Amino acid sequence: MIDLLATHYNYLVYVALVGIGLYGVTASSNLVKKIIGLNVFQVGIFLFFVTSGYIRGGSPPVVHGHGAETFVSPLPHVLILTAIVVGVSLTAVALALVVRIYNAYGTLDEEAIREVQLDD
């Protein structure tokens, strides 16, 4: 069991990152902390996809390769590059919205914003 955990430590890191990210999104009422939790969650998912695409002893599928028996699929890595770009864009839009919310309500606390909305 210890050998399995020692060789697959990246899956443990994936589970830890996803757990910390979910906790950050659900437990905090601060909007900036929710965005940070979402980013940590995304990094965990990225790690999972890159880890699942790794093959020990595999070589890239290049036409002029050296004739290896095992090839690595580049699809997970390409998808993660796209997901990183989307994640950065999502974070930028979310932070811009947080700035607008702070200017409108004077706070970043979700409960305080909800109370102000109910009073109006």
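Placed above this text is the structure.
In this text the structure is predicted, and so the values were computed from the model without any measurement. (Residues numbered from 1 in each chain as written. Predicted model: local features only at pLDDT ≥ 70, side-chain atom pairs only at ≥ 80, totals over all residues. Heavy atoms only, no water.)

Undergrad: Give me the lowdown on the packing of helix H2 (residues 9-27) against helix H3 (residues 31-52), citing residues and values where you can.
TA: Their axes nearest at 7 Å, the elements H2 and H3 cross at an angle of 160 degrees. On the basis of the axis angle, H2 is roughly antiparallel to H3. Note that H2 runs across H3; the crossing there is left-handed. Class assignment for the residues of the contact of H2 with H3 results in 15 nonpolar, seven polar and two charged. (Axes fitted to C-alpha atoms, helices over the stretch in contact; angles between N-to-C directions. Helix = DSSP H or I, 4+ residues; strand = E, 2+ residues; numbered from the N terminus. Parallel < 35°, antiparallel > 145°, perpendicular 65-115°, else oblique. Left-handed = near helix turned anticlockwise from the far one by under 90°. Nonpolar A, V, L, I, M, F, W, Y, C, P; charged D, E, K, R; others polar.)

Undergrad: Describe the pattern of salt bridges, with residues and values.
TA: Under the counting rule described, the total for this entry stands at three salt bridges. A salt bridge links Glu 110 to Lys 34; the shortest N-O distance between them is 3.5 Å. Of the two residues, Glu 110 is situated in helix H5 (residues 110-119) and Lys 34 in helix H3; the sequence distance between them amounts to 76 residues. Owing to a relative accessible area of 27%, Glu 110 belongs among the partly exposed residues under this scheme. When the shortest N-O distance is used, the salt bridge between Glu 111 and Arg 114 registers 3.3 Å. Of this pair, Glu 111 and Arg 114 both sit in helix H5, three residues apart, which is roughly one turn of that helix. Through salt bridges with shared partners, a single ionic network connects Lys 34, Glu 110, Glu 111 and Arg 114. (Salt bridge = Lys/Arg side-chain N within 4 Å of Asp/Glu carboxyl O. Buried < 20%, exposed > 50% of the residue type's maximum accessible area, 1.4 Å probe, protein only.)

Undergrad: A description of H3 should follow, citing residues and the corresponding values.
TA: Counting along an α-helix, one turn takes 3.6 residues, and residues three or four places apart therefore face a common direction. Here H3 contains 22 residues, and its C-alpha end-to-end distance of 32 Å stays within 8% of the 32 Å for a straight helix at 1.5 Å per residue. Among the residues making up H3, those that are buried are Leu 31, Lys 34, Ile 35, Gly 37, Gln 42, Gly 44, Phe 46 and Thr 51. At its buried positions, H3 is contacted by H2, helix H4 (75-105) and H5. The backbone nitrogen of Val 32 has a side-chain oxygen 3.0 Å away, supplied by the residue at the start of H3, namely Asn 30. (Expected span 1.5 Å × (residues − 1). Contact = heavy atoms within 4.5 Å. Polar contact = N/O pair within 3.5 Å; in protein donor to acceptor, adjacent residues only side chain to side chain.)

Undergrad: Before we move on, could you go through the environment of Thr 82 and cite the residues and values that matter?
TA: Relative to the helices and strands, Thr 82 is located in helix H4. Residue class for Thr 82 comes out partly exposed when judged on its relative accessible area of 47%. Each C-alpha atom, one on Thr 82 and one on Ser 28, is 28 Å from the other, the two residues being 54 residues apart in sequence.

Undergrad: Tell me what's going on with H2, and back it up with residues and numbers.
TA: Over its 19 residues, H2 extends 26 Å from the first C-alpha to the last, a length consistent with the 27 Å expected when each residue adds 1.5 Å. As for H2, its buried residues are in contact with H3.

Undergrad: So what's going on with the packing of H3 against H4? Residues and values would help.
TA: Packing of H3 against H4 brings their axes to within 11 Å, and their N-to-C directions diverge by 180 degrees. In this view, H3 runs roughly antiparallel relative to H4, as classed from their interaxial angle. Contacts between H3 and H4 involve Leu 31, Val 32, Ile 35, Leu 38, Asn 39, Gln 42, Phe 46, Phe 49 and Val 50 from the first element and Pro 76, His 77, Ile 80, Ala 83, Ile 84, Gly 87, Leu 90, Thr 91, Ala 94, Leu 95, Val 98 and Ile 101 from the second. Split by residue class, the contact of H3 with H4 holds 16 nonpolar, five polar and no charged.

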